[in-house]
Amino acid sequence: MELDEIIETVAIELLRSAVTKLPDSIENTLLKALEESKTAIAKTQLQAIVDNFITAKTSVRPMCQDTGVVSFFVKVGEQFPIIAELLNILRKATIKATRDIPLRPNTVDLFKGNTGNNVADYIPWIYWEIVPNSNVLELVAFPKGGGSTNVSKLGLLKPGEGIKGIKRFIVDSVVDAGAKGCPPYFLGIGIGGGEDIAMNLAKKALLRSVGSHNPNLKIAELEKELLKALNELKIGVMGLGEGPTVLSVHIEVAGRHPASLPVGIVFSCWADRHAGAQIDSEGNITYLSF
């Protein structure tokens, strides 16, 4: 099999895995939440979620009818041989995945309506990163549903608001989201950069394994503090007031302009779906765990 065919096949399988099987750390977190829940409503709702993802995994069927808008995180070594072909390969893979898995056609052209194959201008969206002195392609499929996307937020805070303002904005955003994005939530937060950088960092943060923390100890403490505070809101599973509201808070931080303090929050519902693999220039494949 040629390298382009290997990449296309792997991309399809990553999309299949992402929509039918949760990452291990997500699955384990939900199972732990069910085990630790003491109230009837929380247990009933979490049991339904667990039954859902187990059925999806065993039957290899999408765990949610909303299979999302497709994006890929592409970390590619500068010595990888077919960088220029990757975009076309991933578009072809998305079309085939839509037909074969199947994925629900979710991509809409502004004037023509639904494209029917999850491909359009700039979609699938690619988050590019070039790695020096490497011949490895790392590919992560990230199909993002509409419900949690609709409650995501970008705040352009005044720099003087500082850490207190950041905390206030995050708490207010979760209050505003309420039950609309199917909690319990996984939160990716990006701070700094610019308006686009903050949101990109927030989405990237959702790829981290649950239980991991930012290596910067101050940011790690902020992650822990926010997780505790957000669960004190008592929004609960599916907004019913019982059980966890948020299961993880992951923060990434970039430098910023002195006149600007952007804060991006990307919500994921309980189904924080993604799957990844590495492919070297010889076509050897290593699947990633999250």
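Each remark here, short or long, concerns the structure printed above.
Now for a quick tour of the structure. Since this is a predicted model, take the numbers as computed values, not measurements.

Within the protein, the regular secondary structure consists of eight helices and eleven strands. For the protein, the C-alpha atoms occupy an extent of roughly 55 × 50 × 40 Å along the three principal directions. Put simply, the protein has 290 residues, and 49% of those count as buried. The long-range fraction of contacts in the protein, counting pairs at least 24 apart against all pairs at least 6 apart in sequence, stands at 79%. In the protein, 30 side chains carry a positive charge and 32 a negative one; their mean positions are 7 Å apart.

Turning next to the sheet that holds strand β8 (residues 246-256). Spatially, β6-β9-β7-β8 is the arrangement adopted by the four strands of the open sheet, whose pairing is mixed. Strand pairing shows two members of the sheet lacking a second neighbour, β6 (153-157) and β8, which therefore form its edges. Taking the axes of each pair of neighbouring strands and ignoring which way they run, one obtains an average angle of 15° across the sheet. Note: strand β7 (residues 185-193) against β8, eight bridges, orientation parallel. Looking across to β8, one finds that I191 is bridged to V253. This element, helix α8 (residues 217-231), spans β7 and β8 of the sheet and lies at about 140° to β8.

The subject of this paragraph is the packing of aromatic side chains. Counting across every chain of the model gives five aromatic pairs. When the centroid spacing of 6.3 Å and the interplanar angle of 45° are considered together, the rings of Y122 and W125 count as tilted. Residue Y122 is classed as exposed on the basis of its relative accessible area of 66%. Here the aromatic residues F73, Y122, W125, Y127 and F142 are joined through ring pairs into a cluster of three or more.

Moving on: the side chain of T98. Here T98 lies in helix α4 (residues 86-100). Within the structure, T98 has its side chain in polar contact with the side chain of N118 (distance 3.0 Å).

Turning our eyes to something else, we now look at the environment of G241. With respect to the secondary-structure elements, G241 resides in the loop between α8 and β8. Take G241: its relative accessible area is 33%, and that puts it in the partly exposed class. Between the C-alpha atoms of G241 and E8, which are 233 residues apart in sequence, the distance is 44 Å. The contacts of G241, once residues within four sequence positions are left out, are K234, I235 and G236.

Before going further, it helps to spend a moment on the packing of helix α1 (residues 3-20) against α4. Angle between the axes and distance between the axes: these two values describe a pair of packed helices. With their axes 8 Å apart at the nearest point, α1 and α4 run at an angle of 45° to one another. Regarding the angle of α1 to α4, the classification is oblique. Between α1 and α4 lies a crossing whose hand is right-handed. Every residue of α4 that contacts α1 at D4, I7, E8, A11, I12, L15 and R16 is listed here: L86, I89, L90, K92, A93, T94, K96, A97 and D100. Here the residues of the contact of α1 with α4 sort into nine nonpolar, one polar and six charged.

Attention shifts here to the layout of surface pockets. One number sums up the size of the largest pocket: a volume of about 500 Å³. If you go around the largest pocket, you meet 20 residues; those closest to its centre are F73, K75, E129, K204 and L207. Secondary-structure elements contributing two or more residues to the lining of the largest pocket are β1 (71-77), β4 (125-131), β5 (136-141) and α7 (195-205). No other element matches β4, which puts five residues into the lining of the largest pocket. Of the residues that constitute the lining of the largest pocket, the class distribution is twelve nonpolar, two polar and six charged. Quantified by volume, the second largest pocket comes out at close to 420 Å³. For the second largest pocket, the lining is made up of 19 residues, of which T29, L227, N231, V246 and L247 are closest to its centre.

About the cut-offs
- Residues numbered from 1 in each chain as written.
- Predicted model: local features only at pLDDT ≥ 70, side-chain atom pairs only at ≥ 80, totals over all residues.
- Heavy atoms only, no water.
- Helix = DSSP H or I, 4+ residues; strand = E, 2+ residues; numbered from the N terminus.
- Buried < 20%, exposed > 50% of the residue type's maximum accessible area, 1.4 Å probe, protein only.
- Contact = heavy atoms within 4.5 Å.
- Lys, Arg positive; Asp, Glu negative; His and termini not counted.
- Charge placed at Lys NZ, Arg CZ, Asp CG, Glu CD.
- Pairing = 2+ DSSP bridges.
- Axes fitted to C-alpha atoms, helices over the stretch in contact; angles between N-to-C directions.
- Phe/Tyr/Trp six-rings, centres within 6.5 Å; stacked < 30°, edge-to-face > 60°.
- Polar contact = N/O pair within 3.5 Å; in protein donor to acceptor, adjacent residues only side chain to side chain.
- Parallel < 35°, antiparallel > 145°, perpendicular 65-115°, else oblique.
- Left-handed = near helix turned anticlockwise from the far one by under 90°.
- Nonpolar A, V, L, I, M, F, W, Y, C, P; charged D, E, K, R; others polar.
- 1 Å grid on protein atoms, 1.4 Å probe; cavity = no way out; pocket = protein on both sides within 12 Å on 5 of 7 lines; lining within 4 Å.
- Points joined across faces, edges and corners; volume = space filled by probe spheres on them.

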